[in-house]
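# Coordinates in review
The residues making up each chain are set out below.
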Amino acid sequence: MASVAAQLAKDWATASGIGANKNPRKYLNQDFEGLRAQCLASRTLFEDPTFPAAQLSLGIKDLGPNSNKVQELVWIKPSGIKPNPQFINEGASRADVRQGSLGDCWFLCSIASLTLNEDCLCHVVPMDQSFDTNYAGIFHFKFWQYGEWLDVVVDDRLPTKNKKLMFVKSTTANEFWSALLEKAYAKLNGSYEALIGGLPLEALEDFTGGIGELYYFDNAPQNLFQIIQRALRQRSLLTCSTKSDSGTGEIVVSTNVVKNHTYSLTGAEEIRYRGNTVQIVRARNPWGYKEWNGAWSDSAPEWDEVDPSVKADFKIECDDGETW
């Protein structure tokens, strides 16, 4: 009877608009606005009892108490990691996503793709929160789960070693939105360890409430490039993955491609080269380095035969993990 009552209560709430895009369900019944107001009134900083700064939130095996990975781990607030911490510094971008020691490239490449769609980003990552105005050590993020939007609250204590973030970090050292987003997703899934290994498609659906499509190169439609290009122009979120025939584990090959790894797919363009039209795509490694070094990579000779003004439009950068 209890399960029936719970389902009826959920159905009633859904009919009342709870779980909709603009009225997400409060995950674990934690109300961000109410909790923040309580902390501000009492001049205390929020500490989340449902996802504490403790071993339980890390995991039980790969990040378990006997793992070398968690030895000397300390939970620290951003103000103890860098002076003048910022939630978002000069806008959120894919450069704000650099993978740490957690094997969640599938999730992080999806975050990087999320930054290409400002509307989706602002829904998942509410922008009206900071370390300055109304700061109370509490932040919140929104995810799509099983047919409804959830609002997930976290405190800002983050796993560190030697006062450096263990997991995802931003290129801007005092920026913390991506680390807090990762923590909220870890909470939603039960622990940080639960994020080790996964499908980017799942994260993309959790960011949008949309329907994902999956293509395999060995059975891809002939117009796959046009599908990718059109999807990017419509601000859909795209990723791509590599695989290896030699089993599990990430392997870097001579071309700097990382096997058994996922990338954000951030561009698809046509370019004139030696009198022909060449189709190229741009991929970003969530590590923030280790780029493809073959044709059309940042220092590839193909660019020497492209008009300099055209080349400038393609934003060839240094080893930032992203390349054509």
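This section reports on the structure supplied with the text. What you see is a predicted model, and the numbers here were worked out from it, not measured in a lab.

### What about the packing of aromatic side chains?
Across all of its chains, the model carries 22 aromatic pairs by this definition. Ring geometry for Phe87 against Phe139: centres 5.4 Å apart, planes inclined by 15°, an arrangement best described as stacked. Here Phe87 is found in the loop between helix H4 (78-81) and helix H5 (105-114), whereas its partner Phe139 is found in strand E3 (residues 138-145), with 52 residues between them in sequence. Each of the two residues, Phe87 as well as Phe139, counts as buried. Summarising the aromatic geometry, the rings of Phe107 and Phe207 are spaced 5.8 Å apart at their centres and angled 50° between planes, so their arrangement reads as tilted. One end of the pair, Phe107, is in helix H5; the other, Phe207, is in helix H8 (residues 200-208), and 100 residues separate them in sequence. The same class applies to Phe107 and to Phe207, which are both buried. Aromatic ring contacts, followed pair by pair, group Phe87, Phe131, Tyr135, Phe139, Phe141 and Phe176 into a single cluster.

### A closer look at the packing of H5 against H8
The geometry of H5 relative to H8 is characterised by a closest axis approach of 8 Å and an angle of 40° between their N-to-C directions. The angle between the axes of H5 and H8 places the two elements in the oblique class. Every pair of crossing elements has a handedness; the one defined by H5 and H8 is right-handed. Between H5 and H8, the contacting residues are Trp106, Phe107, Cys109, Ser110, Ile111 and Leu114 on the first element and Pro200, Ala203, Leu204 and Phe207 on the second. Here the residues of the contact of H5 with H8 are counted per class, giving nine nonpolar, one polar and no charged.

### Quick notes on helix H2 (residues 32-42)
Every buried residue of H2 is listed here: Phe32, Leu35, Arg36 and Cys39. Down the axis of H2, the buried set is contained in an arc of 100°. They therefore lie on one face. Every exposed residue of H2 that faces more than 90 degrees away from the buried side is listed here: Gln38 and Ala41. Packed against the buried residues of H2 are E3 and strand E4 (148-155).

### Observations concerning the sheet that holds strand E2 (residues 74-76)
Ordered in space as E2-E5-E6, the three strands form an open sheet in which the pairing is antiparallel. A single partner strand is all that each edge strand has here, and the edge strands are E2 and strand E6 (164-165). Pairing of E2 with strand E5 (residues 158-161), which is carried by three bridges, proceeds in the antiparallel orientation. Of the residues in E5, the one forming a bridge with Val74 is Thr160.

Rules of the game
Residues numbered from 1 in each chain as written. Predicted model: local features only at pLDDT ≥ 70, side-chain atom pairs only at ≥ 80, totals over all residues. Heavy atoms only, no water. Phe/Tyr/Trp six-rings, centres within 6.5 Å; stacked < 30°, edge-to-face > 60°. Helix = DSSP H or I, 4+ residues; strand = E, 2+ residues; numbered from the N terminus. Buried < 20%, exposed > 50% of the residue type's maximum accessible area, 1.4 Å probe, protein only. Axes fitted to C-alpha atoms, helices over the stretch in contact; angles between N-to-C directions. Parallel < 35°, antiparallel > 145°, perpendicular 65-115°, else oblique. Left-handed = near helix turned anticlockwise from the far one by under 90°. Contact = heavy atoms within 4.5 Å. Nonpolar A, V, L, I, M, F, W, Y, C, P; charged D, E, K, R; others polar. Arc of directions from axis to C-beta. Pairing = 2+ DSSP bridges.

All we've got here are geometric facts, nothing functional implied.
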